[in-house]
Amino acid sequence: MQVLVSVSSRHGGTRELGGRVADALRDRGYDVDQVEPDEVEHVHPYDAVVLGTSVYVGRVGLDLKDLVERQGASLRDRKVWMFWSGPATDDPEHVAAPEDVESVAHAVGVARVQVFGGRVEREALSITERSLVALVPVEPGDHRDLAAAYAWGSQIAAALS
Ligand SMILES: Cc1cc2nc3c(=O)[nH]c(=O)nc-3n(C[C@H](O)[C@H](O)[C@H](O)COP(=O)(O)O)c2cc1C
């Protein structure tokens, strides 16, 4: 069974979470392609798709939105999972998904979006991001739970089997 994992990530933190999801699926015997959203031409070769995005100022990555616009009809015909990252908390499950995340999830038929904590490395931020960071409740630090991402990937594998 072929699975696509495609993640929108500016600074690599969300991509790494997607990598752990992909690892879990591979460990269960699935054939997994990790492809950047801009590089995905078609989703029809895949039986299932995992989409991920970092969220900046409440917004889903534009490359992921473009993918959903290009391949929306095919995505709706497939099994799709989606996750986002990420709140600056070790307990992100209680953080409501931003409206933009919910609307992209709705567009591809995902009922429940998974959340993982995020990572902010102040030195890696652009000047614009540094000025924006004051406007959102974001603290520098790594709140990602890579083991939780692996566990979620294992749940997807079990659901697909
Ligand atoms: C300028 C800025 C704005 C952010 N806005 C949000 C936000 O609205 N909601 C949120 O949960 N996290 C927000 N974050 C945190 C990032 O989503 C988080 O650090 C994420 O893990 C980054 O992923 P990446 O390394 O894949 O780019 C923001 C971070 C920065 C630097």
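Residues numbered from 1 in each chain as written. Predicted model: local features only at pLDDT ≥ 70, side-chain atom pairs only at ≥ 80, totals over all residues.

1. Observations concerning the overall build of the chain
In step 1: Looking only at helices and strands, one finds five helices and eight strands in the chain.
In step 2: Reading the chain from its N terminus to its C terminus gives the helix and strand order β-α-β-β-β-α-β-α-β-β-α-β-α.
In step 3: Relative to the globule expectation of 15 Å for 161 residues, the C-alpha radius of gyration of the chain, 15 Å, shows essentially globular dimensions.
In step 4: Taken along its principal axes, the extent of the C-alpha atoms in the chain is 45 × 30 × 25 Å.
In step 5: Sorting the 161 residues of the chain into buried and exposed places 40% on the buried side.
In step 6: A separation threshold of at least 6 residues defines the contact pool for the chain, and within that pool the share at least 24 residues apart is 82%. (Helix = DSSP H or I, 4+ residues; strand = E, 2+ residues; numbered from the N terminus. Rg over C-alpha atoms; globule rule 2.2 N^0.38 Å. Buried ≥ 20, exposed ≤ 12 C-beta atoms within 10 Å, placed from the backbone. Contact = placed C-beta atoms within 7 Å.)

2. As for the site of the ligand
In step 1: Residues in close proximity to the ligand total 24 residues, the closest being Ser9, Gly13, Thr14, Ser54 and Gly118.
In step 2: Of all the secondary-structure elements, those providing two or more residues to the shell around the ligand are helix H1 (13-27), strand S3 (48-56), strand S7 (119-120) and helix H4 (127-132). (Near = placed C-beta within 6 Å.)

3. Side note on unusual backbone geometry
In step 1: A cis amide bond links Ser85 with the next residue in sequence, Gly86, at an omega value of 0°.
In step 2: With phi around 45°, Val57 is a residue other than glycine that occupies positive phi space.
In step 3: Here Val57 shows up in the loop between S3 and strand S4 (59-60).

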